[in-house]
Amino acid sequence: MKVLKFGGTSVGTVESIGAVLDIVKKAYDAGERPLVVLSAMSGVTNLLTKMAENAAERIAFDDDLKFLEERHFDVVKKLIAVKFQNPVFTKLKLMLNELEEILQGVSSLKELSAQSKDLIVSFGERLSNYMVSKVMEQYIANALFLDASHYIKTDSNFGNAYVQEDITQQLIQSLGHTHADKLLFVTGFIGSNEKGRITTLGRGGSDYTAAIFGAVLNASAIEIWTDVNGMLTADPRIVKKAFSQPILSYTEAMELSYFGAKVIYPPTMIPAFLKKIPIVIRNTFEPDFTGTVIQFESGKSAFPIKGISSISDISVINLSGSGMIGKSGFSGRLFTLLAREQINVVLITQSSSEHSITFAVHPSDAAKAVKLIEAEFELELEANKLTVPTVEEDLSVLAIVGENMKRTPGMSGRLFYALGRNGINVRAIAQGSSELNISVIIGKENLSKALNAVHDAFFAQLKKTLYVFNVGTGNIGSTLFRQIHEQHDFLLDNNDIEIKVAGISNSRKMLFDVNGIDLSNWNDVLESNGEVADLSTFIDRMKAMNLPNCVFVDNTASKLPSTYYEDIFRSNISVVTCNKIANSGTYEQYKSLHDTARKHGVDFFYETNVGAGLPIVRVLKDLMLSGDRIVKIEAILSGTISYIFNNFVGDASFYEVVKNAQALGYTEPDPRDDLGGIDFMRKMLILARDAGHAIEPTAVDLGPILPQACLQATSVDDFYAELLKADQYFNALKEKAESENKVIRYIGKLEDGHVAIALEMVDEMHPFYSLSGSDNIISFTTERYKERPLVVKGPGAGAEVTAAGVFADLVNVGA
Ligand code: ADP
Ligand code: ASP
Ligand code: MG
């Protein structure tokens, strides 16, 4: 036989009860002789608890009672043929009347004992099981309702009663004889004490009921049917990427559920474990999915851990004192005291000096625990052998669990790296002696971020989500959005990376969406739903969203965003930018930025600062990292200047070439912004700094292209007038070059820590001789590349290649 247990959501609605009936019928028809355990309809246990508490305060409960009646009656109306409905209504009504009388009793006494509360909540399971058994009776005549409180015997610890095994076993066994041919619908969650008073087994206890029956009746399996595809790698409400684990060992399941995986109640594993009966967690709403099997062996797995679970609300109590802690007997006294008073200690850690003990309890127990400790250790406190216990609140526990952990080194390293990289402070650590779990205590505000970051770290084969906050929606920004949008599926399929743009701002408007802004339509959404832009608010909101793998992208040409970079690094958020301003200011600023990023373990990527999408910054970094030494860098890093000199040949005049370049959109509105060489200077400066030189902008030797008169002209028109006059000068240059079979190039050079940029004439032996169009070129002469330098050449400007460079940086964040 098999036990099939269905949770509250499985019996929560008319439709779901329909699904339950199908599953049970199928098992019955297959000859599996199922025994069914049902929970109360979803929300009913909470509602009954509230009604009980209200009654004690004389707060009316009639509406709630009516609501309860309607929910059950509605099922009867829709799922039982009219001619069979009346006796079912009558019986349900009788139960509800009894409940009302009890509530009235509580109300007149103005007192709610734990015993009355258990009696009141027990109606949830009794109503649902009776009701569903009657629905089933229409199809399978020997369906029968069974009140498990007559069979599960417990102590009198109401609310969380302890099961008395021997007597329970005898009673359930007798059932096997008397009701052998019945299809039983058994109330989960409830039992009774020796006086026959109803008790409950703890919230979520219907799972336990199923295991108790399954173990006594030697079931072939205990199936826990719920609303998810099994035991998942993390709580799916917090970690969207959580996935179902096919196999867990009893201990793994126990550990995961103990640390908060609500899908199964921890004690459930014990009876099953003792009889080696597999527990299978399955989805009522996806009955064909195999779910999770919980069995003796942990099974092979591609991952070092099985799951991550958490308890969101925890208080931590610290005790210290050189005179007491560490002395034999102290811990014994402490934890015996807490156990005796029914305070559940979730986790304990002891410092290596043994002068302090830290333990975690549920927040509702914290004050009581402190009082108990103060009373028990009064003498020690007075003698200053122990300091007054302190309580820290608003904490959470996160635990990683898996039997494979003990065979895999580096697990705690991976855990702490993921937390550290995301700026999550660990308050305390505990590792179970079985090495089956590592638990950490962290601030509650970081729990969701931590779970997602740790999930990404341990299930790395799975897709990683990057959350992008982008400022600047000009040419590059909007091209980047298009590229991300177009590459979305490819990246997911081939690189397991998903990029979600969670924030966009331009100078007018800003917009946020944790689920990722729709990039096919971002502009309209930004326009219609965006708020008034404010950079400081944008950054505050980004920080407050507290997302893992978070990247700030600066696609502006403004200085303002760069003033926030350090602050952003300090919040453990990476920065990717095509904006050169931050790296080309003072050296002190450059250094401080890079140091801060390094210190916080985040990335600062700016490949597009030099040569747009061409791999230049990265190549330099790789050369340096691999221990090579830069001897010389030579480069042409201005596409505009390249274009101009490449076309300044034959009969063309310099004036015409510049005019033409401007007409084609290759220059800034004032061509002197290009020809002045400042932009080129910034790029050389950044390369020199990345190559390890502490250089200031003023130290760069920037040779002029234009004669003084051109530079001094007060308007663009005047500039052109001057340029026309300078034709003679440029023609002379050109003729000299041509007569020597050379070409004119504006070349930046880094050598011996000195940067110079100047016009040069190079012959055909020079690698820059054959440069065409607006291409950039850079050659690295290093210890290793000495004979023939390493050359990178290609288009060094344009929205498409620049956005692609930003994109490549993004994908590399955290890699
Ligand atoms: P039931 O009513 O069927 O007993 P519960 O609400 O008690 O269901 O447990 C199922 C819920 O547990 C799921 O809907 C899910 O939100 C939550 N849950 C938390 N952690 C996990 C996990 N690691 N795996 C699966 N579910 C989890
Ligand atoms: N109905 C009970 C509860 O909500 C028992 C259960 O669902 O397992 O806790
Ligand atoms: Mg449950």
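One can find the structure itself at the top, above this paragraph.
Our subject in this report is the structure included herewith.

Conventions adopted
- Residues numbered from 1 in each chain as written.
- Chains lettered and ligands numbered in written order.
- Predicted model: local features only at pLDDT ≥ 70, side-chain atom pairs only at ≥ 80, totals over all residues.
- Heavy atoms only, no water.
- Helix = DSSP H or I, 4+ residues; strand = E, 2+ residues; numbered from the N terminus.
- Rg over C-alpha atoms; globule rule 2.2 N^0.38 Å.
- Buried < 20%, exposed > 50% of the residue type's maximum accessible area, 1.4 Å probe, protein only.
- Areas by Shrake-Rupley, 256 points an atom, 1.4 Å probe, with all protein chains shown as cover.
- Lys, Arg positive; Asp, Glu negative; His and termini not counted.
- Charge placed at Lys NZ, Arg CZ, Asp CG, Glu CD.
- Near = heavy atom within 4 Å.
- Polar contact = N/O pair within 3.5 Å; in protein donor to acceptor, adjacent residues only side chain to side chain.
- Nonpolar A, V, L, I, M, F, W, Y, C, P; charged D, E, K, R; others polar.
- Arc of directions from axis to C-beta.
- Contact = heavy atoms within 4.5 Å.
- Salt bridge = Lys/Arg side-chain N within 4 Å of Asp/Glu carboxyl O.
- 1 Å grid on protein atoms, 1.4 Å probe; cavity = no way out; pocket = protein on both sides within 12 Å on 5 of 7 lines; lining within 4 Å.
- Points joined across faces, edges and corners; volume = space filled by probe spheres on them.
- Pairing = 2+ DSSP bridges.
- Axes fitted to C-alpha atoms, helices over the stretch in contact; angles between N-to-C directions.
- Parallel < 35°, antiparallel > 145°, perpendicular 65-115°, else oblique.
- Left-handed = near helix turned anticlockwise from the far one by under 90°.
- Patch = residues over 30% accessible without salt bridge, like charges linked within 9 Å, V, L, I, M, F, W, Y side chains within 5 Å.

Secondary structure summary: the protein contains 28 helices and 29 strands in total. The C-alpha atoms of the protein give a radius of gyration of 36 Å, which is well past the 28 Å a tight globule of 815 residues would have. Referenced to the eigenvectors of the C-alpha coordinate spread, the extents of the protein come out at roughly 115 × 75 × 50 Å. Looking at the protein residue by residue over its 815 residues, the buried ones come to 53%. When the accessible surface of the protein is totalled, it reaches about 35,400 Å², and 51% of it is carbon and sulfur. A distance of 5 Å separates the average location of the 78 positive side-chain charges in the protein from that of its 99 negative side-chain charges.

With that settled, consider the site of ligand 2. Looking at ligand 2, the residues that line it are Ser 39, Thr 45, Glu 125, Phe 189, Arg 203, Gly 204, Gly 205 and Ser 206. One of the side-chain N or O atoms of Glu 125 is found 2.7 Å from a nitrogen atom in ligand 2. Interatomic distance of 3.0 Å between a backbone N/O atom of Ser 206 and an oxygen atom of ligand 2. When the free accessible area of ligand 2 is taken as 260 Å², the share hidden by the protein chains comes to 86%. Of the residues in the shell around ligand 2, the class split is 1 nonpolar, 5 polar and 2 charged.

For the rest of this paragraph, the subject is helix α20 (residues 617-625). Those residues of α20 lying buried are Val 617, Val 619, Leu 620 and Leu 623. Each buried residue of α20 sits inside an arc of 165° when the element is viewed along its axis, so together they form one side. Packing partners of the buried residues in α20 comprise β24 (630-636), α24 (678-690), β28 (775-782) and β29 (790-795). Count one or two residues on from α20 and you reach Gly 627, which has phi positive near 90°.

This next bit is on the side chain of Asp 365. The topology assignment puts Asp 365 in helix α11 (residues 363-376). As a buried residue without a salt bridge, Asp 365 has its nearest oppositely charged side chain in Lys 368, at a separation of 5.7 Å. Ignoring anything within four residues of it in the chain, the contact list for Asp 365 reads Ile 343 and Asn 344.

This brings us to the layout of surface pockets. One number sums up the size of the second largest pocket: a volume of about 1,200 Å³. Looking at the second largest pocket, it is lined by 40 residues, and the ones nearest its centre are Ile 476, Lys 580, Glu 668, Asp 679 and Ala 797. Looking at the lining of the second largest pocket, the elements that each hand over two or more residues are α15 (475-495), α21 (639-647), α23 (672-675), α24 and α28 (799-812). With 5 residues, the single largest contributor to the lining of the second largest pocket is α24. Here the residues of the lining of the second largest pocket sort into 13 nonpolar, 19 polar and 8 charged.

Mapped onto the elements of the fold, Lys 66 is located in helix α3 (residues 62-79). According to the relative accessible area criterion, Lys 66 is partly exposed, its value standing at 43%. C-alpha separation for the pair Lys 66 and Leu 96, spaced 30 residues apart in sequence, amounts to 9.4 Å.

All right, on to the pairing of strand β13 (residues 356-361) then. Of all 6 residues making up β13, 5 are buried, and the element is well covered by its neighbours. Relative to β13, strand β11 (residues 307-320) is paired through 6 bridges, and the arrangement is antiparallel. Opposite Ser 315, over in β13, you have Val 361 as the bridge partner. Two strands pair when backbone bridges link them, and strand β12 (residues 345-350) and β13 are joined in this way by 5 bridges, in the antiparallel orientation. By the bridge assignment, Leu 347 is partnered in β13 with Ala 360.

A few words now on the packing of helix α10 (residues 330-340) against α11. Close contact between α10 and α11 brings their axes to 10 Å; oriented N to C, the two are set at 130°. It follows that α10 is oblique to α11 by the angle criterion. You can see that α10 and α11 cross each other, and the crossing is right-handed. Between α10 and α11, the residues in contact are Arg 333, Leu 334, Leu 337, Leu 338 and Arg 340 and Ala 369, Leu 372, Ile 373 and Glu 376, respectively.

Further remarks concern the site of ligand 1. Neighbouring residues of ligand 1: 17 residues in total, closest Gly 8, Thr 226, Asp 227, Leu 232 and Lys 262. Leu 232 has a polar backbone atom sitting 2.9 Å from a nitrogen atom of ligand 1. When ligand 1 is considered free in solution it has 570 Å² of accessible area, and contact with the protein chains removes 89% of it. Of the residues assigned to the shell around ligand 1, the class counts are 7 nonpolar, 5 polar and 5 charged.

Helix-helix packing: each pair is described by the crossing angle between the helix axes and the interaxial distance. Direction vectors running N to C along α3 and helix α5 (residues 114-137) enclose 5°, while the axes themselves pass 10 Å from each other. When the axis of α3 is compared with that of α5, the two are roughly parallel. Contact with α3, carried on its side by His 72, Val 75, Val 76 and Leu 79, involves Leu 127, Ser 128, Met 131 and Val 135 of α5 and no other residues of that element. In terms of residue class, the contact of α3 with α5 is built from 6 nonpolar, 2 polar and no charged.

Bringing the sheet that holds β24 into the picture now. Taken in spatial order, the 6 strands make up an open sheet running β25-β27-β26-β24-β28-β29, and their pairing is mixed. The outermost strands of the open sheet, each flanked by one partner alone, are β25 (701-702) and β29. Across 4 bridges, the pairing between β24 and strand β26 (residues 743-751) is antiparallel. Opposite Ala 635, over in β26, you have Gly 748 as the bridge partner. Packed onto the sheet, α21 meets β24, β26, β27 (754-762) and β28 and runs at close to 145° relative to β26. Contacts from α24 reach β24, β25, β26, β27 and β28, with the element oriented near 35° to β26.

The final tally for this structure, using the stated rule, is 40 salt bridges. Across the pair Lys 2 and Glu 223 runs a salt bridge, and its minimum N-O distance is 2.9 Å. Within this pair, whereas Lys 2 is found in strand β1 (residues 2-6), its partner Glu 223 is found in strand β7 (residues 221-226), the two being separated by 221 residues in sequence. For Lys 2, a relative accessible area of 16% puts it in the buried group. Residue Glu 223 is classed as buried on the basis of its relative accessible area of 5%. Across the salt bridge formed by Glu 740 and Lys 742, the nearest N and O atoms sit 3.3 Å from each other.

Turning our attention to the sheet that holds strand β9 (residues 279-283). Strand order in the open sheet made by the 8 strands is β3-β4-β2-β1-β7-β9-β10-β8, with mixed pairing throughout. The open sheet has two edge strands with one neighbour each: β3 (143-146) and β8 (247-249). Geometrically, the sheet is characterised by an average inter-axis angle of 20° between neighbouring strands, direction not taken into account. Relative to β7, β1 runs parallel, the two sharing 5 bridges. For Val 3, the partnering residue across the bridge sits in β7 and is Ile 222. Helix α7 (residues 206-216) rests against β1, β2 (35-38), β4 (183-187) and β7 of the sheet, and its axis sits at about 170° to β1.

This part takes up the environment of Glu 69. Structurally, Glu 69 is set in helix α3. Judged by its relative accessible area of 11%, Glu 69 falls in the buried class. Counting along the chain gives 500 residues from Glu 69 to Phe 569, while the straight-line C-alpha distance between them is 57 Å. Beyond its immediate sequence surroundings of up to four residues, Glu 69 is in contact with Lys 93 and Leu 96.

It is worth spelling out a nonpolar patch on the surface at this point. Residues Ile 270, Phe 273, Leu 274 and Phe 296 make up a contiguous nonpolar surface patch of about 390 Å² in total accessible area. Of note, Phe 296 is situated in the loop between β10 (292-295) and β11. We classify Phe 296 as partly exposed; its relative accessible area is 42%.

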